Amino acid sequence: MTRSVPLRRLLVALLLSCTVLVSATACGDSGDSGSATGTGVSASVSAASPSASTDKQRLAKTRFVANAGLAAGATYQWIVKPYRAGTFKKGADGRTFALVKAGLAGGFAYNRLKAATENAKGDPLLSKAVAPLTAGIESLKGMATKLRNGQAGEGDIGAFESVVDSIKSAGRSAGAEVRDKVPSTSQLTG
């Protein structure tokens, strides 16, 4: 005797299997269109999607502005401003705390500037404007340690300020206005 399955159960089973397939497709893609995923569907969907590169290009300026703004805000708030106020000088009140914060801000700013240059690669005009600045950004790599140890001088602070101003200027020339956005202390510590 053959027992028929009610239509409701078939619809529920079909709906659940489609949901699993769609969620596996959405979550399984690592962003690399050539990678093989567990389902095999994800790679072909992302490779065939014409809007994937369009979205990346459209959001490139937005991401650039956000990352460059955070770097500029951290540099000004916790490096340039305390230096000009004399907080980094020996014997100044709060010197140790200011130096630690400056070191964290230096590392954070370097990280955000690197991210901003990566974001700029998604927009042709922005990419051309930012490309000459990569050497200046790389020169800031060890600056966080110098700041933290109290070894940074006027030239070091000026280098940070110069690189940030150059990034802001490059963004402005490519139609991506960068405004300082001061990150929270928890963002600095990651």
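Residues numbered from 1 in each chain as written. Predicted model: local features only at pLDDT ≥ 70, side-chain atom pairs only at ≥ 80, totals over all residues. Heavy atoms only, no water.

Draft legend 1. Focus on the overall build of the chain. Per the secondary structure count, the chain includes nine helices and zero strands. The N-to-C order of helical and strand elements in the chain reads α-α-α-α-α-α-α-α-α. A total of 190 residues make up the chain; the buried ones form 35% of that total. Restricting to contacts in the chain with at least 6 residues of sequence separation, those with at least 24 account for 71%. Accessible surface for the chain amounts to roughly 11400 Å². Of this, 57% is attributable to carbon and sulfur atoms. (Helix = DSSP H or I, 4+ residues; strand = E, 2+ residues; numbered from the N terminus. Buried < 20%, exposed > 50% of the residue type's maximum accessible area, 1.4 Å probe, protein only. Contact = heavy atoms within 4.5 Å. Areas by Shrake-Rupley, 256 points an atom, 1.4 Å probe, with all protein chains shown as cover.)

Draft legend 2. Up close: the confidence of the model for the chain. Across the chain, the average pLDDT comes to 78, with 69% of residues at or above 70. Per-element confidence in the chain ranges from a low mean pLDDT of 38 for helix α2 (residues 41–48) to a high of 94 for helix α4 (residues 95–120). In this model residues 20–50 is a low-confidence stretch, pLDDT under 50, and it forms 17 contacts with partners more than four residues away in sequence or in other chains. (pLDDT = per-residue confidence, 0-100.)

Draft legend 3. Representation of the packing of aromatic side chains within the structure. Scanning the model with the defined rule gives one aromatic pair in all. Ring plane angle 55° and centroid distance 6.0 Å describe the contact between Tyr-83 and Phe-88, whose orientation is recorded as tilted. Looking at Tyr-83, the relative accessible area reads 22%, which means it is partly exposed. With relative accessibility at 10%, the residue Phe-88 sits in the buried group. (Phe/Tyr/Trp six-rings, centres within 6.5 Å; stacked < 30°, edge-to-face > 60°.)

Draft legend 4. A look at the nonpolar core. Within the largest apolar cluster, 39 residues are counted, with the highest numbers of intra-cluster contacts made by Phe-64, Leu-113, Leu-147 and Ile-167. Ranked by the residues each element gives to this core, the list is headed by α4, at ten residues. (Core = buried A, V, L, I, M, F, W, Y, C linked by side-chain atoms within 4.5 Å.)

Draft legend 5. Representation of the pattern of salt bridges in the model. In the structure shown here, the tally under the stated rule is six salt bridges. Here Arg-84 makes a salt bridge to Glu-161, at a shortest N to O gap of 2.7 Å. On the criterion of sequence distance, the pair formed by Arg-84 in helix α3 (residues 51–85) and Glu-161 in helix α8 (residues 154–173) is long-range, its members being 77 residues apart. Residues Glu-177 and Arg-172 are paired through a salt bridge, measuring 3.7 Å at the closest nitrogen-oxygen approach. (Salt bridge = Lys/Arg side-chain N within 4 Å of Asp/Glu carboxyl O.)

Draft legend 6. Molecular detail of the packing of α4 against α8. Packing of α4 against α8 brings their axes to within 12 Å, and their N-to-C directions diverge by 30°. In terms of orientation, α4 lies roughly parallel with respect to α8. Considering the relative orientation of α4 and α8, their crossing is left-handed. Here Gly-106, Ala-109 and Leu-113 of α4 lie close against α8, whose contacting residues are Phe-160, Val-163, Val-164 and Ile-167. Residues that form the contact of α4 with α8 fall into these classes: six nonpolar, one polar and no charged. (Axes fitted to C-alpha atoms, helices over the stretch in contact; angles between N-to-C directions. Parallel < 35°, antiparallel > 145°, perpendicular 65-115°, else oblique. Left-handed = near helix turned anticlockwise from the far one by under 90°. Nonpolar A, V, L, I, M, F, W, Y, C, P; charged D, E, K, R; others polar.)

Draft legend 7. Local environment of the side chain of Thr-117. Tracing the sequence through the fold places Thr-117 in helix α4. Relative accessible area serves as the criterion here: at 11%, Thr-117 is assigned to the buried category. Excluding its chain neighbours within four sequence positions, the residues that come into contact with Thr-117 are Val-130, Thr-134 and Ile-137.

Draft legend 8. Seen up close, the environment of Asn-111. Mapped onto the secondary structure, Asn-111 falls in helix α4. Taking relative accessible area as the criterion, Asn-111 reaches 41% and is therefore assigned partly exposed. Measuring from C-alpha to C-alpha, the distance between Asn-111 and Asn-67 comes to 8.9 Å, with 44 residues separating the pair along the chain.

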